[in-house]
Amino acid sequence: MLNFDLAEEHQILRNSMRDFAESEIKPVAEELDEREEFSLDLVKKMAEMGLFGMVVSEDYGGSNVGYLSYIIAVEEIARVDGSAAATVAAGNSLGIGPIYYYGNDEQKKEWLPRLCRGEILASFGLTEANAGSDAGATQTTAVLEDGQWLINGSKIFITNSASPISAVIVVQSQTGTLKDGRRELSCILVPNDTPGVTAMEMHGKLMWRSSNTGELYFEDVRVPEENLLGKRGEGFKQMLATLDRGRLAIAAMGLGGAQGAFELAMNYAKERKQFGQTIASFQVNAFKLADMATEIEAARNVLYKACWFCDQGRPFTMEAAMAKLYCSEVMRRVVNEAVQIHGGYGLMREYQVERFFRDQKLLEIGEGTSEIQRLVISRKLGCYE
Ligand SMILES: Cc1cc2nc3c(=O)[nH]c(=O)nc-3n(C[C@H](O)[C@H](O)[C@H](O)COP(=O)(O)OP(=O)(O)OC[C@H]3O[C@@H](n4cnc5c(N)ncnc54)[C@H](O)[C@@H]3O)c2cc1C
């Protein structure tokens, strides 16, 4: 039976996340963005709210509340701040995810409880300078020598990888060459404090300015053979499945960001008067607000359906790509009109909407650009021979 009502637990979660985001994140978001500062204090508060480990079982310190709950939480944080939402989304989907889904019991026990308590952060080391959209073109190598992986290479744009609490990186590495000449790719857990690892925080970002982004270098890094995640040669498969789940969270950031920008525009349009009347009462603006609300409603339905597929254990690769593509593009259209409705004030920091305008852009680039989402969807549709 079709039922569009959220369960009571989801409604309660949304309310508590909204209160938290309004009271703890919104008041500091602007200043952290201005200073380009990653706030450990905020991470601690988000951890106390149970925002890390939401899809991890209780055995490993998680709360196991399911993907829809997790996505609603990310949506509510993104409604006030993209950077804080990025910390949570990357922390769960990209950092915790691969260890939880592919780690052995020992690896899970070693890392997950502290990750779920938000005491440390894990990061997802896929992208390299010469391997972006072509994420299988990894040049970082890992050679097995005397029971240790010897790792050399670098990664770029890695979220949560260069903060004082960044503790472990899942590094996709080339561990050999297959018979057909293709790279054998495997994921290896590399603690940040291993000799030879350098993590440099990247500055000067347009968006997500108070999230932590790192550039990583591995110079003759040695970790035990047991740090291999899952099976040798399955690294790329693990990374792609991790991105499927991660895309749900990026979509939630698009949905929440669109909702936040819409509310700013709506409030402004009802207050601002020109020609003796509120600008909301000019039909051109009222129709813009109507279009925004309609697109947000459609985006929410696309994303929640993809989460439902995921929670049901059904295939959801195409649905996740559609949700990520659609929600990020809905946010682009919504923030663009939200700034327009604010007129000149929309371009000023004080009015917040400009931060939403900047934060949106990453959503069309990170975890697979919009072009790559269209590639995933068109492949699933069977467009190519
Ligand atoms: C703030 C931030 C955080 C990030 N966090 C992480 C992280 O935690 N972990 C991680 O591994 N990565 C992370 N990334 C990297 C991100 O996933 C990549 O930037 C993204 O996948 C695109 O790769 P690229 O930047 O090399 O662009 P490129 O791949 O060089 O793409 C350039 C352009 O070419 C287009 N293009 C490329 N190939 C095709 C094709 N086959 N068909 C059509 N068009 C194509 C792209 O769509 C794009 O428009 C992050 C990036 C940023 C900016």
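Scoring rules and cut-offs
Residues numbered from 1 in each chain as written. Predicted model: local features only at pLDDT ≥ 70, side-chain atom pairs only at ≥ 80, totals over all residues. Helix = DSSP H or I, 4+ residues; strand = E, 2+ residues; numbered from the N terminus. Rg over C-alpha atoms; globule rule 2.2 N^0.38 Å. Buried ≥ 20, exposed ≤ 12 C-beta atoms within 10 Å, placed from the backbone. Contact = placed C-beta atoms within 7 Å. Near = placed C-beta within 6 Å. Nonpolar A, V, L, I, M, F, W, Y, C, P; charged D, E, K, R; others polar. Domains from an automatic or database assignment. Core = buried A, V, L, I, M, F, W, Y, C linked by C-beta atoms within 7 Å. Pairing = 2+ DSSP bridges.

**So, the overall build of the protein chain**
Each helix and strand counted, the protein chain has ten helices and ten strands in total. A globule of 385 residues ought to have a C-alpha radius of gyration of about 21 Å, and the protein chain, at 21 Å, matches this closely. Dimensions of the protein chain, computed from the C-alpha atoms along their principal axes, are close to 80 × 50 × 40 Å. Here the protein chain holds 385 residues, and the buried ones make up 50% of them. Of the contacts made within the protein chain by residues no fewer than 6 positions apart, 73% connect residues no fewer than 24 positions apart.

**Some details on the site of the ligand**
Around the ligand there are 23 residues in total, and L126, G132, S133, T369 and E371 lie nearest to it. Sorting the residues of the shell around the ligand by element identifies α4 (82-102), β1 (121-125), β3 (148-159) and α10 (370-380) as the ones contributing at least two each. Class assignment of the residues belonging to the shell around the ligand gives a composition of eleven nonpolar, ten polar and two charged. Split by domain, the shell around the ligand shows at least three residues from each of two domains, domain 2 (122-232) and domain 3 (237-380).

**Examining the nonpolar core**
Nonpolar side chains in soluble globular proteins tend to be buried together. The biggest cluster of nonpolar side chains holds 114 residues, and the ones touching the most others in it are I71, V74, I77, I188, L248, L303 and A338. Element by element, the count of residues in this core is highest for helix α6 (residues 235-271), at 16 residues. If we ignore the near neighbours within four places in the chain, the residues touching A338 are A261, F262, L264, A265, V353 and F356.

**Some details on the pairing of strand β4 (residues 166-177)**
Most of β4 sits out of view: ten of its twelve residues are buried. Where β1 meets β4, five bridges bridge the pair, whose relative direction is parallel. Residue pairing in the sheet places F124 in a bridge with V170 of β4. Hairpin geometry of β4 and strand β5 (residues 183-191) is characterised by an intervening segment of five residues between the two adjacent antiparallel strands and by a positive phi of about 95° at G181.

**Digging into the domain arrangement of the protein chain**
With domains assigned, the protein chain is organised as domain 1 (8-121), domain 2 (122-232) and domain 3 (237-380). Facing the eleven residues of domain 2 at the interface are nine residues of domain 3. Tallied by class, residues from the side of domain 2 that touches domain 3 come to eight nonpolar, three polar and no charged.

**Re the environment of V170**
Structurally, V170 is set in strand β4. Distance in space between the C-alpha atoms of V170 and S281 is 53 Å, their sequence separation being 111 residues. Here V170 is in contact with P98, A122, F124, G125, C187, L189 and L229, once residues within four sequence places are set aside.

**Points about the environment of M49**
Structurally, M49 can be placed in the loop between α2 (40-48) and α3 (67-78). For M49, a count of 18 C-beta atoms within 10 Å translates into the label partly exposed.

**Quick look at the pairing of strand β7 (residues 213-224)**
Strand direction decides the pairing type here: β3 and β7, joined by nine bridges, are antiparallel. Following the sheet pairing, T159 is matched in β7 by T213. With five bridges joining them, strand β6 (residues 197-201) and β7 adopt antiparallel strand pairing. Note that in β7 the partner of E201 across the bridge is G214.

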